[in-house]
Every structure is written in structure tokens, then in C-alpha cells.
There are 2 protein chains.
Amino acid sequence: MAKELTSRQENYSQWYNDLVIKAELAESSVVRGCMVIRPYGYAIWEKMQAVLDRMFKETGHVNAYFPLFIPKSFFSKEAEHVEGFAKECAIVTHYRLRNDENGRGVVVDETAKLEEELIVRPTSETIIWNTYKDWIKSYRDLPILINQWANVVRWEMRTRLFLRTTEFLWQEGHTAHATREEAVAETLKMLQVYATFAEQYMALPVIMGIKTESEKFAGAVDTYTIETLMQDGKALQGGTSHFLGQNFARAFDVKYLSKEGQLDLVWATSWGVTTRLIGALIMAHSDDNGLVLPPKLAPIHVVIVPIHKTDEQLTSISEKALAIKKMLENEGHTVKYDGRDTHKPGWKFAEYELKGIPVRLAIGPRDLENNTVEVARRDTLEKKVVPVEGIAAYVTGLLNEIQKNIYSKALKFREGKTFTVNTWEEFRDVVEVKGGFAYAHWDGTPETEARIKEETKATIRCIPLDNPAEEGKCIHSGRPSKQRVLFAVAY
Amino acid sequence: MAKELTSRQENYSQWYNDLVIKAELAESSVVRGCMVIRPYGYAIWEKMQAVLDRMFKETGHVNAYFPLFIPKSFFSKEAEHVEGFAKECAIVTHYRLRNDENGRGVVVDETAKLEEELIVRPTSETIIWNTYKDWIKSYRDLPILINQWANVVRWEMRTRLFLRTTEFLWQEGHTAHATREEAVAETLKMLQVYATFAEQYMALPVIMGIKTESEKFAGAVDTYTIETLMQDGKALQGGTSHFLGQNFARAFDVKYLSKEGQLDLVWATSWGVTTRLIGALIMAHSDDNGLVLPPKLAPIHVVIVPIHKTDEQLTSISEKALAIKKMLENEGHTVKYDGRDTHKPGWKFAEYELKGIPVRLAIGPRDLENNTVEVARRDTLEKKVVPVEGIAAYVTGLLNEIQKNIYSKALKFREGKTFTVNTWEEFRDVVEVKGGFAYAHWDGTPETEARIKEETKATIRCIPLDNPAEEGKCIHSGRPSKQRVLFAVAY
């Protein structure tokens with residue numbers, strides 16, 4: 001195999017980087033911390049976008065577009081937002097280049113300095129609520145249910161492809177409501193949309209929950225999250241949905257006239273997922289041979305490879321392959337036929353395993369005689385010879401089975417890595433040795449939370465929704481606790 | 001009518017601005033020169049994107065994503081690019097904010113200064129060709145056929161919603177080829193894709209042609225364009241496709257090993273259309289009552305409005321309306337039923353005329369009795385009472401007819417505004433008084449071109465493809481000319 005990967009066992013982190021590069025999903029760009037998303041990686045993002053966009057529209061949302069730049073002063077308007085939000089961001093200070101006097105290219109024109117610096121959006125609450133101020137006069141203007149697909153920039157010191165990059169792509173929903181109840185319902189509705197997307201499309205089981213005070217979004221009243229588990233036992237936050245209360249309405253003075261004729265502050269939510277989900281998809285399912293993609297998000301569902309010795313064989317096989325391709329396409333599948341004679345079948349097999357194509361069909365001279373194909377499924381690497389007759393229905397069934405199997409496998413993995421721990425030793429054993437989720441008692445104070453993080457790197461991923469009440473003792477301080485919360489070391 | 005527009009006659013420019021704002025397509029943002037694209041305007045962009053994206057993929061292209069930021073030094077690498085390309089751009093110089101010592105918000109952290117400034121992309125040739133350098137080794141790696149959907153920034157002093165804004169949305173295709181012939185063919189293929197899109201979807205007739213030296217893209221060998229005519233007689237460039245020769249390959253040292261084992265520079269194209277097309281769509285077809293949208297790009301095809309006096313009437317009409325809505329949706333149309341009793345039918349009629357919904361159905365008590373609906377078409381404002389039986393097929397036919405009619409009207413308008421002129425007086429009469437396209441002889445020199453522009457504001461929009469050879473005298477210099485070129489005052 002030309003493009004051998006580091007194994008997960010040997011070095012999980014290196015395996016991930018190798019895989020992203022060798023499967024041609026993305027690469028680091030010359031601009032520090034920014035990535036180039038290559039066509040195959042971008043095709044996965046397009047699949048994700050199409051599903052999410054449909055789900056957003058089915059839940060009543062519309063798309064819009066707000067400016068890339070935000071005036072610096074906006075960041076000071078919502079107190080917690082400015083305090084809590086990372087101040088690492090890209091700052092535009094000038095608006096013109098000029099030719100260098102020495103003829104050595106271009107330099108910044110110092111006379112073209114902005115009066116107020118502009119920040120490349122790290123998130124858009126401030127500019128959007130400043131706009132909503134003009135759109136909202138009365139209860140008739142509510143709710144506003146808007147989503148934006150955009151790029152955002154957060155200056156990161158340590159970056160990893162997809163997981164943490166200075167620029168990334170995302171969607172950010174920003175909704176405005178007349179009542180607290182409606183806004184809370186919206187927050188939870190979108191959390192559920194994310195959970196459904198993760199489980200049904202990404203084949204990734206999630207735990208829905210609420211963040212602690214110290215982990216929540218700067219400016220939010222409550223941050224809800226979907227938490228997932230990767231194969232190295234680390235957690236990854238898949239998406240967040242924030243109930244913002246009236247914080248941004250207060251900061252930007254957004255009030256509405258209620259039915260009763262009263263002037264009230266508007267209630268807000270925001271919610272987002274990013275290209276980070278591609279990183280989660282890779283890390284959750286893939287193996288030492290390469291990507292394992294759930295069929296619902298795979299850019300190509302089926303690849304057909306001819307096995308031949310002579311040119312005549314290739315001609316006959318190609319004819320058969322193209323007929324099968326047509327049958328599968330009529331079922332709605334995306335199919336690639338790789339009839340190149342510049343590469344050997346073995347090379348192609350390895351290549352498409354690396355790329356995670358869910359189903360591979362191989363057709364050789366004997367298959368032609370018997371009117372059969374060899375079907376290989378990527379998730380289990382099992383092979384089976386199958387009659388061409390009924391192949392479309394067979395592949396459709398197989399793709400559904402693969403989708404389910406990938407989910408089941410991930411769920412089983414998570415179950416095997418989820419522990420209920422009662423002592424500090426047990427806790428450390430999970431988060432530092434075994435890896436995985438630890439359900440543990442916590443005394444509810446940010447001080448204890450901070451100390452646990454300092455000592456073990458583990459954080460409270462969330463307080464799961466519908467968490468059962470249970471009396472217990474904090475694993476760290478020994479003080480009384482009323483419920484277990486979910487700990488893990490996280491990406 | 002609550003939202004009366006300035007008439008086109010009275011003030012075309014004001015009419016356009018009024019329309020963009022009142023139809024809730026877009027508005028100026030607090031950030032100078034940047035717009036907010038509102039949901040209704042963005043829905044038109046989504047329709048455009050969906051069609052174009054399909055056309056790009058059908059012609060073999062894939063999408064990818066490259067960084068928002070470009071190192072300043074990249075702009076100096078291609079000599080014409082840096083000379084010709086506007087130097088007005090957003091420059092990122094710092095990467096951190098800090099709390100102001102006086103507690104008055106945030107200030108730029110001067111210690112976080114970038115070693116090399118980053119430019120917010122005004123176009124991506126440089127960063128993309130710097131990346132292609134690593135992707136291209138041999139002829140087997142070619143062609144590369146990539147498109148990117150992205151936001152770009154060009155610092156504009158005078159802006160107009162959609163037509164010229166500091167930030168705008170666009171797509172930029174960047175392709176790499178082994179031969180000159182292949183790159184030229186690609187350039188022309190994409191020009192044809194743009195022309196087809198404009199004519200068949202935007203209902204906008206175009207003239208395809210090549211730009212003169214002074215109007216071409218900085219760094220291109222040849223720039224091809226589709227030119228359209230607006231209702232005020234001014235031309236608007238709808239999209240461009242550039243044959244870049246080996247200029248960017250030379251600047252970024254991108255070579256490939258040919259089949260013959262020779263190291264050659266790679267050939268390039270780039271091509272793009274922007275949110276400006278929304279401006280063209282508005283200005284080409286709309287009238288004093290509001291938008292006129294071609295059905296193929298209209299976010300909503302049909303609106304149904306009940307006409308009632310009593311609540312019982314509304315109930316019966318709603319039932320009928322929703323049944324009709326269902327029938328139309330089964331035909332693939334997007335339908336809105338506006339059963340609100342907070343607004344009168346007359347208000348709704350005006351509102352949906354403003355929004356350019358191609359077909360309006362009104363249902364009153366008499367229609368219920370007769371099993372009919374009143375059908376109004378937006379393009380001609382004609383009304384007709386039609387039986388409910390067969391309504392879906394009727395509306396489908398009507399939408400097709402509206403699409404064709406809008407195109408025919410625009411074509412007829414352009415024909416009436418296209419003049420063949422032979423003298424300077426005739427030329428000035430067209431470009432300064434009548435408005436429209438003037439086919440005129442030109443001596444082929446940039447000096448004459450510049451003088452004509454200075455004296456009349458008219459520019460050479462293009463040298464049309466397949467332009468007939470014709471001996472003549474330049475309308476300005478009187479020197480010999482071998483062909484007529486297309487002049488107009490342009491947006």
C-alpha cells in the first residue's frame with residue numbers, strides 16, 4: 001500500500017493527521033492555523049450542510065447573511081461576552097496597500113487607517129442583535145428564526161485539521177422570541193436537531209446535556225451540548241445550543257411592544273455546528289486502513305473495480321460494470337467506476353478503503369461467466385460473491401445495514417468506555433488510564449471543577465438532560481452532591 | 001399601498017434602492033460598505049447557487065475551500081496582478097484584543113502584531129496557485145477543476161446594495177490544465193455556462209465577448225464576459241471567465257512532467273459570478289409596483305389570498321386554499337397561503353406584487369360557489385378567473401409562460417436600445433441621451449478608449465464573440481478600424 005497510515009495503537013494523534021492528509025480531506029495552508037479543505041473533505045461538508053439545512057428549514061428557519069466584520073466596540077457591549085470570549089481574533093486596522101517605494105512589492109498604506117478597528121467575526125451575536133434592533137418593533141415581528149452559513153475566525157495558538165483551526169466553516173442560528181418559554185423551547189429543539197443529525201446521519205451516539213457555568217458560552221444563560229466519544233477515549237463536543245436570555249437584547253437595546261401594549265426585552269437563542277464535525281466523523285469510525293464513512297454522508301457510495309488480464313476482458317467487464325453503475329444510480333446511489341489501467345486492482349482496493357467508500361464491487365472474468373460480482377463492505381471488510389440480478393436492491397440493503405452497524409459499533413464502544421465511579425482513584429483511572437466517560441458526583445462548585453481539571457485535565461462535559469437525582473459525595477472534595485455529572489478529557 | 005416606491009421614471013437609482021429595502025432583500029449594515037442580505041434576498045441567492053452548482057458539477061467541477069487570508073507578499077508575485085488589481089483591501093495586522101486599562105471595553109493588543117500582514121481575499125488566484133504547486137507533479141494530476149463558494153472583500157469607496165459592496169458573496173472557479181488549448185476551451189465553456197444561466201434562469205439576454213486590454217482582469221491573458229442591459233440603458237457585467245495563460249503558474253512555479261517527460265508550466269483559468277447578479281435580476285425586470293422575478297429563481301412561486309367578510313367564509317376558503325396549495329406543491333411549486341386576518345386583501349396584493357411572486361391566486365365566496373379562483377400574473381398584472389379543476393397544470397403552464405415572457409420583454413427592450421452608430425454625434429446621442437448599447441468602430445488603441453471614457457463615461461463592454469470583420473473609421477479618432485465593438489455606460 002502506497003499510503004500507509006500510522007496505526008491507532010501506535011499513535012492515535014499521528015494516525016488522525018496521516019488519515020486527513022492521505023485521504024485528501026484537508027491540509028494545512030501557508031497561512032498559520034488555516035486549512036485548505038480539499039474536494040473530498042469538502043464533499044463531506046456539503047453532504048452535512050444539505051441534511052442540516054433541510055432540517056433547519058423543516059423546523060421553520062430561513063437563511064440570511066450578515067457582515068464578516070464587526071466593529072471593535074460591539075464586543076464591549078455585552079459584559080460577559082467580552083469577559084468570557086477569547087480575545088484572540090483577527091483585527092483589521094487598514095484598508096489599502098500601496099507600492100513599495102523601493103519597488104519591492106506592496107506595503108500597508110499607513111494613511112489608510114480605520115478610525116475604529118474591525119474584528120473578523122469569531123461569532124455573530126453582536127452584529128446580528130444590532131441588526132435585529134431595527135427589525136423588531138412589535139410582537140408581530142417575532143419570532144425571528146434565522147440561520148447563517150459562514151466562515152469565522154478565532155486566532156488559535158495550537159491547531160489541528162478540522163478539530164481546531166483559526167478559520168473554520170460553520171452555521172450559526174440566531175433566533176429572537178417574545179417569551180422566555182419560547183426561547184428555551186427553541187434552544188432544546190435545535191439541540192434535538194443536532195442529536196438527530198449526529199445519530200442518524202453521522203452514526204454517532206451523543207449525550208445531550210447542559211454545560212456548567214464555567215463551560216458555558218460567554219453571554220449565555222444556559223449552554224446545551226451534544227457530547228460524543230472518540231476511539232481514544234476522549235470526548236468531543238459536537239454542537240452547542242445556547243439560551244441567551246435577554247442578555248444581547250439588553251446590550252443592544254432590542255425591545256418589542258407586546259400584545260398587551262408593554263415594551264419588553266426580546267429573548268434570544270443561538271446554536272451552531274462547525275467543520276469540526278468532520279473531525280469527529282473521522283475519529284469516531286475510521287480504522288487503520290483508512291476512513292470509514294457512514295453511507296448517508298459518504299460522497300461516493302459504491303466503487304466498481306474491474307479485475308482483468310487482457311484488454312478484451314477489460315472491455316467486457318467495463319460494459320457490465322457500467323450497466324451495474326446505471327442500476328445503482330437509478331436507486332439514488334453515487335457510484336464511481338474506476339476502469340483505469342494505470343493502476344492495479346490491489347492499489348485501487350487500498351485507495352478506496354483509505355477513502356472510506358462504503359461498498360466496493362469487484363468484477364473479474366469468472367464473475368462475467370457466472371453473472372456475479374464480489375461485494376466488499378468497508379465497515380467490516382467482509383467480502384461476498386453476489387448475483388448481478390437484484391444487485392441494486394442488495395446494495396441498498398447493504399448500505400442501510402452499514403449505516404446501522406457503524407452506529408451500533410460506536411454505541412457499543414461508548415458503552416464499554418462509560419463508567420460510574422465513586423472514588424477519586426476510580427475517577428483518575430478512567431480519565432487518565434482507561435479513557436472514556438466517567439459519571440461522578442461533584443459538589444457543584446466551580447472551584448472543585450477547576451481543581452479536577454488542573455489535576456487530571458478532565459472537564460465536566462455536561463449535566464445530562466433528565467439526569468436522575470442521586471445523593472452522593474463529590475469525588476474530589478467529599479462534600480455532598482445531588483447528582484452525578486459527566487466527566488471526560490476532551491478535544 | 002403602505003410601501004410606495006419611487007417610480008423608475010422619477011429616479012431610477014432611488015427606485016432601485018427603495019425596492020431592495022422595501023422588498024426586504026438587503027440593507028446597509030453598520031459596517032461601512034457591507035450589506036446584510038435579508039432572508040428573502042438570500043433565498044434568491046440560494047436558488048442561484050443551487051442551479052449554478054449543479055451546472056458546475058455537470059461540467060466536471062468539484063468544490064473546495066481555501067483560506068480567507070492571503071499573505072501580503074503573495075500579491076507581489078504576479079506582476080500584472082499587483083499592478084492592475086485594486087489595492088483597496090482589508091488588512092489584518094494584529095491578532096489579539098485586550099481589556100482597556102480604564103475598563104472602557106477592549107483595545108488592540110499592540111504586542112500581538114503579525115510579522116507579515118494578512119489580506120482578506122479580494123480573489124484567490126494567488127493562494128490557490130501556491131497550493132496547486134504541491135498538488136501538481138505530473139500530467140496525471142491534471143486537469144484540476146475546482147470551484148469555491150466564498151465571501152470576498154474589496155474596499156469600495158462608493159457602494160450600492162448588491163451592485164458594489166465591500167464584502168460580497170461569490171463563486172470562483174480555478175482550473176489547471178496541461179495545454180493552452182484545454183485551458184482556452186475551459187474558459188469558453190464556463191462563459192457559456194454563465195450565458196445559459198443568465199438567459200434560461202435569470203431570463204436575461206446576454207452578449208458574450210472578450211474584454212479589451214484595459215478592461216481585462218489583472219493577471220489574465222484574456223477576459224471573457226457576459227454583458228447585460230438594465231432598464232435605464234446602462235450595461236452591467238454579469239460574469240467573467242479568464243484565460244490566465246501561464247502567468248500564475250510562472251509566479252508560483254507550478255510545473256508538471258508531461259507524458260513526454262518534459263517539465264512544463266501549467267495553464268490556468270478562473271471564472272466567477274457574485275451576489276451582484278441579484279442586483280441585475282432586480283434592475284432588469286422589476287417595475288414601479290415592485291420586483292418581477294423569473295419563476296425559476298423565485299423563492300415562492302404562488303401566493304394564495306382569501307377574500308372574505310365573515311369568519312365562516314374564511315374557514316371554507318382556507319380549506320379550499322389549502323387543498324389547492326397541496327395540488328400545486330405536488331407539481332413541485334413553492335406555495336404560500338396568507339390567511340392572516342390582520343391584513344386586508346388589498347394590502348396583501350400590494351405586498352406580494354412588491355415581493356415579485358410570479359402568480360397570485362385569490363379566492364372569494366363567489367369562487368367557492370363556482371369552484372373557481374382568480375389568477376393574477378405578476379409580469380403583466382393580468383387577472384383571469386379559472387376553474388379549480390386542472391389548476392395545477394394551468395399554473396405550471398403559466399409559470400413557464402411567465403419565465404419566457406420576462407425573457408422576451410428583456411430581449412425586446414435590449415433590441416430597442418441597441419444602436420449601430422457611425423459618427424461621434426450618433427455615439428454621444430446613444431451613450432449620453434438615449435442610453436443603451438452602441439456598436440461602433442474603434443481604432444484599437446487604449447488611448448482612444450481612455451479618451452472616449454473620459455469624454456462620455458462610456459466604456460468598451462466587449463468585443464463580441466464571432467464579431468464580423470468590417471472595415472470602418474473609429475468614431476473618435478477617425479483612424480481605420482477592422483470591426484465594431486460594443487460600447488455602453490456601465491454599472
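Residues numbered from 1 in each chain as written. Chains lettered and ligands numbered in written order. Predicted model: local features only at pLDDT ≥ 70, side-chain atom pairs only at ≥ 80, totals over all residues.

Some words on the overall build of chain A
1) Next: Per the secondary structure count, chain A includes 13 helices and 26 strands.
2) Next: Based on the C-alpha atoms only, the size of chain A along its principal axes is roughly 80 × 70 × 55 Å. (Helix = DSSP H or I, 4+ residues; strand = E, 2+ residues; numbered from the N terminus.)

Some thoughts on the sheet that holds strand E18 (residues 359–363) of chain B
The strands making up a sheet are joined through hydrogen bonds of the backbone, oriented either antiparallel or parallel.
Residue and element names in this part refer to chain B.
1) Next: As summarised here, the arrangement of the five strands in space is E17-E16-E18-E19-E20, forming an open sheet in which the pairing is mixed. The open sheet has two free edges, formed respectively by strand E17 (335–337) and strand E20 (383–387), since each of these has just one partner strand. The mean inter-strand angle of the sheet, taken between neighbouring strand axes irrespective of direction, is 25°.
2) Next: Note: strand E16 (residues 302–306) against E17, three bridges, orientation parallel. Bridge pairing in E17 places Val303 opposite Lys336.
3) Next: Helix-sheet contacts for helix H8 (residues 311–330) involve E16, E17, E18 and strand E19 (372–377), and the interaxial angle to E16 is about 170°.
4) Next: Each of E16 and E18 touches helix H9 (residues 345–354); the most contacted strand, E16, lies at about 170° to it. (Pairing = 2+ DSSP bridges. Axes fitted to C-alpha atoms, helices over the stretch in contact; angles between N-to-C directions. Contact = placed C-beta atoms within 7 Å.)

Examining the domain arrangement of chain A
In many analyses, interface size is given as the accessible surface area lost on bringing the parts together.
1) Next: Assigned domains within chain A: domain 1 (12–285), domain 2 (300–404) and domain 3 (418–488).
2) Next: Computed from C-alpha atoms alone, the centre-to-centre distance between domain 2 of chain A and domain 3 of chain A is 49 Å. (Domains from an automatic or database assignment.)

Remarks on the sheet that holds strand E8 (residues 144–153) of chain A
All names here are of chain A.
1) Next: Taken together, eleven strands build an open sheet; the order of strands is E3-E8-E9-E15-E12-E11-E10-E23-E26-E22-E21 and the sheet is mixed. The sheet terminates laterally at strand E3 (62–63) and strand E21 (418–420), the two strands that pair on one side only.
2) Next: In this structure, strand E23 (residues 459–464) lies alongside strand E26 (residues 484–488), joined through three bridges in antiparallel fashion. Along E26, the bridge assignment pairs Thr459 with Ala488.

Brief notes about the relation of the copies chain B and chain A
1) Next: Placing chain B over chain A gives an RMSD of 0.0 Å and needs a rotation angle of 180°, together with 0.0 Å of translation along the axis. Such a combination of rotation and displacement between the chain copies is what one expects of a two-fold axis. Among all residues of chain B, the one whose C-alpha sits closest to the rotation axis is Val92 of chain B, at a distance of 2.1 Å.
2) Next: Interface overlap between copies is the fraction of interface residues in one copy that are interface residues in the other; for chain B against chain A it reaches 100%, indicating a shared surface. (Least-squares fit on C-alpha atoms with pLDDT ≥ 70 in both.)

Observations concerning the environment of Gly472 of chain B
Residue and element names in this part refer to chain B.
1) Next: One can find Gly472 in strand E24 (residues 472–473).
2) Next: C-beta crowding within 10 Å serves as the criterion here: with 15 such atoms nearby, Gly472 is assigned to the partly exposed category.
3) Next: When the C-alpha atoms of Gly472 and Ala203 are compared, they prove to be 34 Å apart, with 269 residues separating the residues in sequence. (Buried ≥ 20, exposed ≤ 12 C-beta atoms within 10 Å, placed from the backbone.)

Observations concerning the environment of Val373 of chain B
Residue and element names in this part refer to chain B.
1) Next: Looking at where Val373 falls in the secondary structure, it is placed in strand E19.
2) Next: Of the residues examined, Val373 has 25 C-beta atoms within 10 Å and is grouped as buried.
3) Next: Here the alpha-carbon distance between Val373 and Lys412, two residues 39 residues apart in the chain, equals 32 Å.
4) Next: In this structure, Val373 is in contact with Ile324, Leu361, Ala362, Ile363, Asp367, Val386, Val388 and Ile391, ignoring residues within four places of it in sequence.

Quick word on the interface of chain B and chain A
1) Next: On the side of chain A, 51 residues touch chain B, which itself brings 51 residues to the contact.
2) Next: Bridge analysis of strand E5 (residues 88–99) of chain A against strand E5 (residues 88–99) of chain B gives five bridges, and the strand direction is antiparallel. Counterpart to His94 of chain A in the pairing with E5 of chain B is Ile91 of chain B.

Focus on the environment of Leu411 of chain B
Residues and elements named next belong to chain B.
1) Next: Assignment of secondary structure puts Leu411 in helix H11 (residues 391–416).
2) Next: Looking at Leu411, the number of C-beta atoms within 10 Å reads 15, which means it is partly exposed.
3) Next: For the pair formed by Leu411 and Leu204, sequence separation is 207 residues and the distance between their alpha carbons is 7.5 Å.

Regarding the pairing of strand E7 (residues 113–120) of chain B
All names here are of chain B.
1) Next: Sheet topology places strand E4 (residues 69–71) next to E7; three bridges connect them, and they run antiparallel. Pairing of Phe69 across the sheet is with Val120, part of E7.
2) Next: As paired strands, E5 and E7 are joined by three bridges and run antiparallel to one another. Within E7, the position partnered with His94 by the bridge is Lys113.

Examining helix H7 (residues 276–285) of chain A
1) Next: Most of H7 of chain A sits out of view: ten of its ten residues are buried.
2) Next: Inspection of H7 of chain A places Arg276, Leu277, Ile278, Gly279, Ala280, Leu281, Ile282, Met283, Ala284 and His285 of chain A among the buried residues, and these make up the whole buried set.

Concerning the confidence of the model for chain A
1) Next: Taken over all residues, the pLDDT of chain A has a mean of 96, while the share at 70 or more is 99%.
2) Next: Across the interface, the model reports ipTM at 0.97; the global pTM reads 0.97. (pLDDT = per-residue confidence, 0-100.)

Let's talk about the packing of helix H8 (residues 311–330) of chain A against helix H11 (residues 391–416) of chain A
Residues and elements named next belong to chain A.
1) Next: H11 packs onto H8 with a crossing angle of 55° between their chain directions and a minimal axis gap of 9 Å. Taken together, H8 and H11 sit at an angle that is classed as oblique. As for the relative orientation of H8 and H11, their crossing is right-handed in sense. For the pair formed by H8 and H11, the contact residues are Ile324, Met327, Leu328 and Asn330 on the first element and Ile391, Ala392 and Val395 on the second.
2) Next: A per-class count over the contact of H8 with H11 returns six nonpolar, one polar and no charged. (Parallel < 35°, antiparallel > 145°, perpendicular 65-115°, else oblique. Left-handed = near helix turned anticlockwise from the far one by under 90°. Nonpolar A, V, L, I, M, F, W, Y, C, P; charged D, E, K, R; others polar.)

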